[in-house]
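Descriptive structure summary
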Amino acid sequence: MVDKEFERPKGTEIVYERPKSLTDVVTHYCPGCTHGIAHRLVAEVLDELDARERAVLVAPVGCSVLAYNYFNLDTQQAAHGRAPAVATGIKRVLPDRVVFTYQGDGDLAAIGTAEIVHAAVRGERITVIFINNAIFGMTGGQMAPTTLLGQETTTSPKPTGRLAERAGYPIRVCEMLSQLDGAAYVARGSLSSPQNIAKAKRHIRKAFQAQLEGHGLGIVELLSSCNVGWKMSPVDALKWIDSHMVPVFPLGVFKDWSAAGVEAARLADSGVAAG
Ligand SMILES: Cc1ncc(C[n+]2csc(CCOP(=O)(O)OP(=O)(O)O)c2C)c(N)n1
Ligand code: SF4
Ligand SMILES: [Mg+2]
């Protein structure tokens, strides 16, 4: 924004502003937490798509329960895990709105597993931002369905951490949802480095485009840090995402309606029917 009263001296121009889709509020997140980065990426994408005025955020229960205070949008709070069901209702009643949920792994992959699976089965035109930090952050660091084997949490303590024979295996949400025909875009990114953050933003943009163009459900999983729950420094937590989470939750695009379209057109051109 140009300050008419005050002409900034050359070299002091503002080049990094708060997105319009964020409020000017200090968040409650722990220092080092990546929830704030995820908020900013979503807000930047909404600004760039000129979607702020039409956007509706459905906030979860979890550390991001107060997201409705941080996004400068219409918002609705959902009960724990129910955000995709609430978003379904809003989108069906108000199809011109850009409706998205923002959910942690406890919210989406534990108590809310049925809601996200069936929203994807139905091909709801909603966008889902899924924050996988491998733990229940808000409630004090309990094991989540995404907790890694051997990972120590308050409910999978030393000396073993999570044991497969007692608590099963980490759930790979993207791999699971990408099998469903109603899911149009499914991708996993990471917030562990500037390069990965830039890629994550591209995934988020595509997940909103899936909705804007009416293709079906778009979901982006973001490997995120909970340095407090993991009992690590913020820097070590970012390194741990790369060293421990990425091997279990590989990064990439698992489903992309636009790539499928390009492939079908290529096969049609070559005289082969697309399966
Ligand atoms: C019906 C219900 N069950 C349990 C809880 C307790 N609870 C609040 S947040 C949460 C899990 C949060 O973890 P996650 O979704 O991963 O978000 P994070 O805090 O890690 O960002 C739980 C179990 C609740 N609020 N409501
Ligand atoms: S407890 Fe973890 S997820 Fe919650 S704000 Fe703190 S660092 Fe972030
Ligand atoms: Mg979590």
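Residues numbered from 1 in each chain as written. Chains lettered and ligands numbered in written order. Predicted model: local features only at pLDDT ≥ 70, side-chain atom pairs only at ≥ 80, totals over all residues.

**Details of the nonpolar core**
- Formed by 68 residues in total, the largest nonpolar core has its most connected members in Leu57, Val58, Ile129, Phe130, Ile204, Ile219 and Leu222.
- Apart from residues lying up to four places away in sequence, Leu222 is in contact with Ala38, Ile129, Phe130, Ile131, Asn132, Gly189, Ser190, Leu191 and Ala200. (Core = buried A, V, L, I, M, F, W, Y, C linked by C-beta atoms within 7 Å. Buried ≥ 20, exposed ≤ 12 C-beta atoms within 10 Å, placed from the backbone. Contact = placed C-beta atoms within 7 Å.)

**Thoughts on the environment of Phe130**
- Inspection of the secondary structure assignment puts Phe130 in strand S4 (residues 127-132).
- Using a count of 27 C-beta atoms within 10 Å as the deciding quantity, one classes Phe130 as buried.
- Dropping the residues within four chain positions of it, Phe130 is found in contact with Gln103, Leu108, Val173, Ile219, Val220, Glu221 and Leu222. (Helix = DSSP H or I, 4+ residues; strand = E, 2+ residues; numbered from the N terminus.)

**A closer look at the sheet that holds strand S3 (residues 98-104)**
- The strand order across the open sheet built from 7 strands is S2-S1-S3-S4-S6-S5-S7, with neighbouring strands paired in mixed fashion. Among the strands making up the open sheet, the edge pair consists of strand S2 (74-77) and strand S7 (252-256). When strand polarity is set aside, the average angle formed by the axes of neighbouring strands in this sheet is 15°.
- The pairing of S3 with S4 spans 5 bridges and is classified as parallel. Across the sheet, the residue bridging to Thr101 is Val128, located in S4.
- Sheet strands touched by helix H3 (residues 83-93): strand S1 (55-59), S2, S3 and S4. Its angle to S3, the strand with the most contacts, is close to 175°. (Pairing = 2+ DSSP bridges. Axes fitted to C-alpha atoms, helices over the stretch in contact; angles between N-to-C directions.)

**Overview of the site of ligand 2**
- The local shell around ligand 2 consists of Tyr29, Cys30, Cys33, His35, Cys63, Asn133, Gly137, Met138, Cys226, Asn227, Val228 and Gly229.
- With 3 residues, the single largest contributor to the shell around ligand 2 is helix H9 (residues 227-230).
- The residue inventory of the shell around ligand 2, partitioned by class, reads 7 nonpolar, 5 polar and no charged. (Near = placed C-beta within 6 Å. Nonpolar A, V, L, I, M, F, W, Y, C, P; charged D, E, K, R; others polar.)

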